[in-house]
Amino acid sequence: MPDMVLNALKKIRAPLPRDEYDLHGLVARALQDGEISFIHEATLAPRCRIDFLCDDVGVEVKKGKPDREKTIRQMERYAKTGKIRALILVSEKSIVLPKNMQGIPVYGLALHKLWGLADAMGEEEQPFSVATEVMPEENLLPVQPKVQPEWADDAEEEPFAVENFILQSLQEENIPPFLRTPSDERRTYGTLSFNARRKCWVIKGDRGVTELAKRLFPGSDGGRRGEARFTAHKRTVGDVNWLMLRYPLEIAKKDLQRWQEALDASRQYYRNVEKARAAAPAPQLQEAQFSGTLRPFQLTGLAWLELTERALLADEMGLGKTVQALACAAKEGVFPILIVPPAHLTRNWMAETLRFLRVQGREPRVHIVKGLTPYALPEADVYILHYLLLRGWKEALPQMHFHTVIFDEVQELRRAGSEKYSAASLLSESCERVIGLSGTPIYNYGGEIWNVVNVIDYHFLGDWESFSREWCTGYGSRIVQKPQMLGEYLRSEGLMLRRTKEEVLPELPEKRRLVQEIDADDGMYQRLMAPIWEKLYRWQQDRELTPSQRALLEDQISQEARQATGIAKADYVCQFVRALLNADEKVLLFAHHHVVMDIYRQELKSEHPVFITGRETAAQKEAAVDKFMLGKTNLCCISLRAASGLNLQAATCVVFGELDWSPAVHSQAEDRAHRIGQKDSLLCYYLVSPRGSDADMQEALGLKVSQFVQLMGQKPVTDEKEAAGANFARQHVEKLIRQMT
């Protein structure tokens, strides 16, 4: 295998790459042409990734002449993982390496020598220690002959003139014109320097140039004459470079290296944007990283997330934003990460993380952060902290240096000025990768979407004044004039990806069932269960109860325990439903108990819901159906046992706030929306709490947490299942007895 990989790499025939990214592309193409499968940036161990893994042969790629000591230490780390049996170093210039490390053979390939450029650039002859030993000369592909270029005479004056000429040519050819290196002009129009305190690039000089910059880029107006300031953002660095092509500036000597690094990062950013636009190939996920299968559109989303370090994934509700974000974290392989969800989704994120994510083949260690007061966090791979706690951890989180932060329902940050918003901004700034998830990213209020984007990628939309002037109805206005155009801009500039159900419908099943774990009020549950424990004690100890009395008491206990569960989680159910409504979903919300329905009525009254609970007259029931079907309300609350005969196919989501013992009842409820005339893939949420009767009812229904299930409504309910359903209530009561004792 090492020989095959080396032979493939020796076929590389191309001009010198501009940076390491291009060098990776040359290596990838050579391996593909050699029909050698590989994983790019493969994780060998925590914080240990190799550039290419070809089965068990590792390939490390270096630009220029690598630092020998650092390279040896790095390759020794690879060797110690035990996951590779050969190492290959591909670099432009050669260095001397050991023949083996940790008993693993080491090979090298110097591209300058391979292309016959080493002598022309004055490089010393430093052959890799094993390249000529492993590959006999007669087996090598012919090397292109050395050509004396027309500018070779310059090499006598400057040792690296050839290399500089080639790199400059590549810059002119392969990057957008506005990112080319400005030519050296005798006349300059001012200076460019970096303001570390304000984190911006400052142009000072010719008034005509600075005023022009302010007119072209309103966000650059720093309030001083003869001065323009540009936020140190990858996009705005490109704007400054474009300006310098016409009006050359003298870069402060102390900032020369910083500017070159910023310009390289800007070029990399635009390459990634273009690569994402061109639909990057679907990445490969190993079982040791991720447990699950992504649909094709989700693989596309994963590829986009990989290329977008600051990303807003805005797929419609129900298309798997959670699983795509976790897949990206798995592919990245750098832990720990931090997840920031709404409070009512904390448990669900923990369940989904344990289900999908893998760290070196094992389940991840997950810690849910509790309380506003920072404490020493236990070692974990994933930390979950909900939005309400952000303000207490404002100073502590940026010091923990998380590689990735995931903001779920990122529209929670649409209002600036709070400690929560400030904490999120500081946290985002400290992370290398920031992922925002939201099904409703574009609002009519410009201030809100600007706030959200500003947390994900600071000043991506410029400062507030320039944004409101350009995108809103007037300077300082909060109303976006053309929301659709703003959404298109966010997509075209590579910050946002949004797919709708209509776009991916062929990939979706008719019904998608998702069990969503939500929180519950434990204190309320315990209070409601107190009188039930007394009835349980009587049911167990009172020998004078007749069979009919015992059956009646058993039914009371089961009903009251289910009601206690429904009440304890009702507020969290309402929060979940409100999020669906904010995403413009049309929701059928099912429950069983009238008291639970009354809570829904109170908590969701601002959504103007209609109710069909069995307490309405026939005329009231008909009016409720008409109001929902005609679009006068997006929420219809229905009793589980009052759903028969209803035709409500205008719904896009079905939500079960409470469960029933019978699968047939749920199947019938789902069919209120999934009938002839219902065109979309129907999303059915089963909201369950870890406390109370839900766990037993899940088992009765054949549901497993966080899995799409195919049980209810797909097959006729057998007599055996009907008989088993009749015993579930009794089994639940017996379980409560065991808990009491």
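Above this text you will find the structure in question.
Residues numbered from 1 in each chain as written. Predicted model: local features only at pLDDT ≥ 70, side-chain atom pairs only at ≥ 80, totals over all residues. Heavy atoms only, no water.

Quick word on the overall build of the chain
When helices and strands are tallied, the chain shows 26 helices and 23 strands. Counting across all 741 residues of the chain, residues that qualify as buried make up 52%. Long-range pairs, those at least 24 residues apart, make up 69% of the contacts in the chain between residues at least 6 apart in sequence. Here the chain displays about 34600 Å² of accessible surface, and carbon together with sulfur accounts for 49% of that area. (Helix = DSSP H or I, 4+ residues; strand = E, 2+ residues; numbered from the N terminus. Buried < 20%, exposed > 50% of the residue type's maximum accessible area, 1.4 Å probe, protein only. Contact = heavy atoms within 4.5 Å. Areas by Shrake-Rupley, 256 points an atom, 1.4 Å probe, with all protein chains shown as cover.)

As for the nonpolar core
Core analysis: the largest hydrophobic core is formed by 65 residues, its most contacted members being Leu 192, Trp 259, Leu 338, Leu 390, Phe 407 and Leu 427. Residues Trp 349, Ile 406, Ile 518 and Leu 580 belong to the second largest nonpolar core, which totals 57 residues. (Core = buried A, V, L, I, M, F, W, Y, C linked by side-chain atoms within 4.5 Å.)

A short note on the sheet that holds strand S12 (residues 337-340)
The strand order across the open sheet formed by seven strands is S13-S14-S12-S15-S16-S11-S17, and the pairing between neighbours is parallel. Because the sheet does not close on itself, it has two edges, and the strands there are strand S13 (366-368) and strand S17 (496-497). Of the pairings in the sheet, the one linking S12 to strand S15 (residues 404-407) comprises four bridges and is parallel in character. Its bridge partner lying in S15, Ile 337 is registered against Thr 404. Across the face of the sheet, helix H12 (residues 321-332) comes into contact with strand S11 (310-313), S12, S15 and strand S16 (433-437) while running at roughly 170 degrees to S16. (Pairing = 2+ DSSP bridges. Axes fitted to C-alpha atoms, helices over the stretch in contact; angles between N-to-C directions.)

Points about helix H20 (residues 547-568)
With 22 residues, H20 ought to run about 32 Å at 1.5 Å a step, and its terminal C-alpha atoms sit 32 Å apart, in line with that. By the burial criterion, the buried members of H20 are Leu 553, Glu 554, Ile 557, Ser 558, Ala 561, Arg 562, Ala 564, Thr 565, Gly 566, Ile 567 and Ala 568. (Expected span 1.5 Å × (residues − 1).)

Observations regarding the sheet that holds strand S10 (residues 250-251)
One open sheet accounts for four strands, arranged S9-S8-S7-S10; its pairing is mixed. The open sheet has two edge strands, strand S9 (227-231) and S10, and neither has a second partner. In terms of strand pairing, strand S7 (residues 190-195) meets S10 through two bridges, oriented parallel. Opposite Thr 191, over in S10, you have Glu 250 as the bridge partner. Docked against the sheet, helix H10 (residues 256-277) engages S7, strand S8 (200-205) and S10, running at close to 120 degrees with respect to S8.

All we've got here are geometric facts, nothing functional implied.
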